[in-house]
Amino acid sequence: MCNLEILARVKMEVQKLLANYGAGHGFDHIERVVSSALKIQTEAGGDPFVIELSALLHDVGDAKFHDGVERSGEISRQVLSEFSVASEIIDHVVHVVENLSFRKRHAAESLSLEGRVVQDADRLDALGAIGIIRTIEFGEAMGQPFYVPGDPEAKSGLGHFYEKLFKLRGLMNTEPGKRMAGEREDFMRAFIRQFESEVNL
Ligand code: ADP
Ligand code: NI
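So, here's what we can say about the structure. What you are looking at is a predicted structure, and each value in this text was computed from that prediction instead of being measured. (Residues numbered from 1 in each chain as written. Chains lettered and ligands numbered in written order. Predicted model: local features only at pLDDT ≥ 70, side-chain atom pairs only at ≥ 80, totals over all residues. Heavy atoms only, no water.)

**A few points about the pattern of salt bridges**
We count it as follows: Salt bridges, as used here, are contacts in which a Lys or Arg side-chain nitrogen is within 4 Å of a carboxyl oxygen on Asp or Glu. What counts as a helix is a DSSP run of H or I of at least four residues, what counts as a strand is a run of E of at least two, and both are numbered from the N terminus. Here the term buried applies to any residue with accessible area under 20% of the maximum for its type, exposed to any over 50%, and partly exposed to those in between, with areas from a 1.4 Å probe on protein chains only.
Going through the model one piece at a time under the given rule, you end up with 13 salt bridges. Of the charged contacts, one joins Glu 13 and Lys 16 as a salt bridge, the two residues approaching to 3.6 Å between their closest N and O atoms. Of the two residues, Glu 13 and Lys 16 both sit in helix H1 (residues 3-17), 3 residues apart, roughly one turn of that helix. In this structure Glu 13 comes out as buried when scored by relative accessible area, which is 18%. Residue Lys 16 is classed as exposed on the basis of its relative accessible area, which comes to 59%.

**Some thoughts on the packing of helix H2 (residues 27-44) against helix H6 (residues 113-124)**
Let me state the cut-off plainly: Where helices are involved, their axes are fitted lines through C-alpha atoms of the stretch in contact, as for all axes, and angles between N-to-C directions lie from 0 to 180°. Geometric relationships in this document are graded by angle, where less than 35 degrees denotes roughly parallel, more than 145 denotes roughly antiparallel, 65 to 115 denotes roughly perpendicular, and other angles denote oblique. A crossing counts as left-handed when the near helix is turned anticlockwise from the far one by less than a right angle, and as right-handed when that turn is clockwise. By definition in these notes, contact holds between two residues if any of their heavy atoms fall within 4.5 Å. The residue classification treats Ala, Val, Leu, Ile, Met, Phe, Trp, Tyr, Cys and Pro as nonpolar and Asp, Glu, Lys and Arg as charged. All others, Gly included, are polar.
Contact geometry of H2 with H6 gives a least axis separation of 8 Å together with a crossing angle of 130°. As summarised for this structure, H2 and H6 are arranged oblique, according to the angle between their axes. When the axes of H2 and H6 are compared, the crossing they make is right-handed. For the pair formed by H2 and H6, the contact residues are His 29, Val 33, Ser 36, Ala 37, Ile 40, Gln 41 and Ala 44 on the first element and Leu 113, Val 117, Val 118, Asp 120, Ala 121, Asp 122 and Leu 124 on the second. Classifying every residue of the contact of H2 with H6 gives 9 nonpolar, 3 polar and 2 charged.

**Observations concerning the coordination of the nickel ion (ligand 2)**
Going by this rule: The rule for donors is simple: an N, O or S atom within 2.8 Å of the metal counts, and for Na, K and Ca the reach is 3.2 Å. Water is not among the atoms, so a site may look short of donors.
Within the protein, the atoms that donate to the nickel ion (ligand 2) are His 29 (NE2), His 58 (NE2), Asp 59 (OD) and Asp 122 (OD), at distances of 2.1 to 2.3 Å. Counting the intervening residues between successive donors of the nickel ion (ligand 2) yields the motif H-x28-H-D-x62-D. In this pair, His 29 is assigned in helix H2 and Asp 122 in helix H6, connecting sequence segments 93 residues apart. Each member of the pair, His 29 as well as Asp 122, is classed as buried.

Structure representation (structure tokens):
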């Protein structure tokens with residue numbers, strides 16, 4: 001099987017596995033991460049095959065959908081071993097998938113260039129217009145308000161911008177990632193300024 005065919009088959013498999021994840025964390029997120037990762041790759045380098053496979057598989061066993069246990073690495077290995085993927089490539093992709101997430105960033109083993117590219121692409125999807133929408137959707141799903149009048153300390157979507165999203169720009173690994181994160185953060189800050197002026201926060 002050639003690389004293009006492997007990518008097409010893995011994509012179909014991931015689409016099936018994520019069918020019930022819903023917007024924000026469904027296959028739409030995966031498609032955006034693949035596309036940003038390949039865009040970053042043109043400038044930052046790295047093996048495009050490993051990058052695309054890792055981007056496709058990075059959330060395939062997300063803990064939120066597996067009783068709090070992160071299973072993306074093990075599911076990625078299962079999926080890839082069904083196709084004729086070389087074992088070094090499987091090991092590389094599994095390593096990327098297992099060390100990507102924000103939550104694991106302190107424990108994470110250092111990522112390869114390919115891993116750093118995919119990590120930037122995943123982080124970009126939490127920023128900009130799409131980042132605003134995903135924060136609101138996450139809040140809806142968790143019953144968390146976007147803001148709580150008179151209580152800036154309350155857990156809220158707005159609080160999440162400050163606690164996590166505005167830190168991402170400084171964590172980007174690659175030059176194109178930093179640049180794109182900067183543009184997206186500027187847009188979010190303009191949104192928040194407008195929002196805060198409307199609700200008099
Ligand atoms: P991923 O695994 O794709 O990196 P997460 O699962 O951490 O992303 O989060 C999915 C989306 O929900 C992101 O856009 C993120 O910013 C948003 N999100 C995560 N935690 C919160 C929270 N506590 N409040 C609001 N939005 C959140
Ligand atoms: Ni993701």
